[in-house]
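These are the residues of each chain, in order.
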Amino acid sequence: MGQTVIAGATVDLNDEGYLTDPSQWNEDIAKAIAKEEGIELSDKHFEVLHYLRDKHNAGEQLTIRKVGKSGITDIKGLYQLFPGGPLKKSSRIAGIPKPASCV
Amino acid sequence: METDVQVNETTSKKVEKKPLEKVLIICAKGAIEDVYAALVMANGAVMEGIEAKMFFTFFGLDAITKKQMNKLHTGTVGNPAMRMPGGLPFPSLLGMLPGVEAGVSAMMKKQMEKLDVPPVDEFLDMITAGGGEIYACRMATDMFGLEMKDFSEHVKDIITVGQFYEMADGDRTQIIFT
């Protein structure tokens, strides 16, 4: 897909619409991508997004279970925040790669 | 002889994708690997936004029976893919010794925990949290003398095969037998 302008910033996206360089991310970009997914971001959403980014930057593999144990929200809550593909959608909005885990 | 070369236009056309919308997953066996194959597939479906319904029958009922669900074993006899850690062969005779099956099963669970794969009850919790539904087979439940109270709280109902098929409506539905 290459370079695209989102929320006034130029970012590199892959074919599936994920940022290829997480450092290009900011909260305005998150809001714009979320809007595309039909999600209005709340503070709770941002807590999840920052958690995902921290874990990703620490080199940890992300799973729904891990987010459910983060203390931010439980798994049911995560499904409600990001309906129809919680980990995939939250990762895309958080500007990190598509999750590669099976759980 | 001269032939005209025609460019096949259909190959360059974008193929419209028709993603799955619903999966019905049947689990009829109660070994760790059989149960987890079904659980991983169901959980993977809800994670992708695909509707998932699970149907447990025969020995698969162990996976939703409160007393058994977190004590599943893997068979150490008659499994040609069973190997020692490091890859050496695992003779079936060894698998018959007392405690070996329990040891191997504990080791498998430990390995899965490392990959963040949860115990069975927590896995059912994850699947239902995502909107997945868990059902027990009426015939097998009667056959094993079980009742709703024996099952995990996540089991929605005990249903017949007919009711199960009724759930397979919609043209992007697949039935998977693990």
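Residues numbered from 1 in each chain as written. Chains lettered and ligands numbered in written order. Predicted model: local features only at pLDDT ≥ 70, side-chain atom pairs only at ≥ 80, totals over all residues.

A.B. asks: Mind showing me how you'd approach the overall build of chain B here?
C.D. replies: A count of helical and extended segments in chain B gives 7 helices and 5 strands. For chain B, the N- to C-terminal ordering of α and β elements is α-β-α-β-α-α-α-β-α-β-α-β. Computed over C-alpha atoms, the radius of gyration of chain B comes to 21 Å, more than 25% over the 16 Å expected from 2.2 N^0.38 for 178 residues, which places it beyond the range of a compact globule. Overall, chain B is about 75 × 45 × 30 Å in size when its C-alpha atoms are taken along their principal axes. The 178 residues of chain B split such that 30% are buried. Put simply, 73% of the contacts in chain B that link residues at least 6 apart link residues at least 24 apart. (Helix = DSSP H or I, 4+ residues; strand = E, 2+ residues; numbered from the N terminus. Rg over C-alpha atoms; globule rule 2.2 N^0.38 Å. Buried ≥ 20, exposed ≤ 12 C-beta atoms within 10 Å, placed from the backbone. Contact = placed C-beta atoms within 7 Å.)

A.B. asks: Sorry, what's going on with the sheet that holds strand 4 (residues 155-159) of chain B here?
C.D. replies: What links the strands of a sheet is backbone hydrogen bonding, and the strands pair in either a parallel or an antiparallel sense. Residue and element names in this part refer to chain B. Reading across the sheet, the 5 strands line up as 4-3-2-1-5 and stay open at both edges, with parallel pairing between neighbours. Each edge of the open sheet carries a strand with a single partner, namely strand 4 and strand 5 (173-177). Within the sheet, the average angular offset between the axes of one strand and its neighbour, ignoring direction, is 20°. Summarising the sheet, strand 1 (residues 22-27) and strand 5 pair through 5 bridges and their orientation is parallel. Looking at the pairing, lysine 22 lines up with threonine 173 of strand 5. (Pairing = 2+ DSSP bridges. Axes fitted to C-alpha atoms, helices over the stretch in contact; angles between N-to-C directions.)

A.B. asks: Would you mind showing me how to read the environment of alanine 34 of chain A here?
C.D. replies: All names here are of chain A. Relative to the elements of secondary structure, alanine 34 occurs in helix 1 (residues 27-36). The class of alanine 34 is buried, set by 20 C-beta atoms lying within 10 Å. In this structure, the C-alpha to C-alpha distance between alanine 34 and threonine 73, residues 39 residues apart in sequence, is 18 Å. Beyond its immediate stretch of four places on either side in the chain, alanine 34 contacts Ile39, Leu41 and Ile93.

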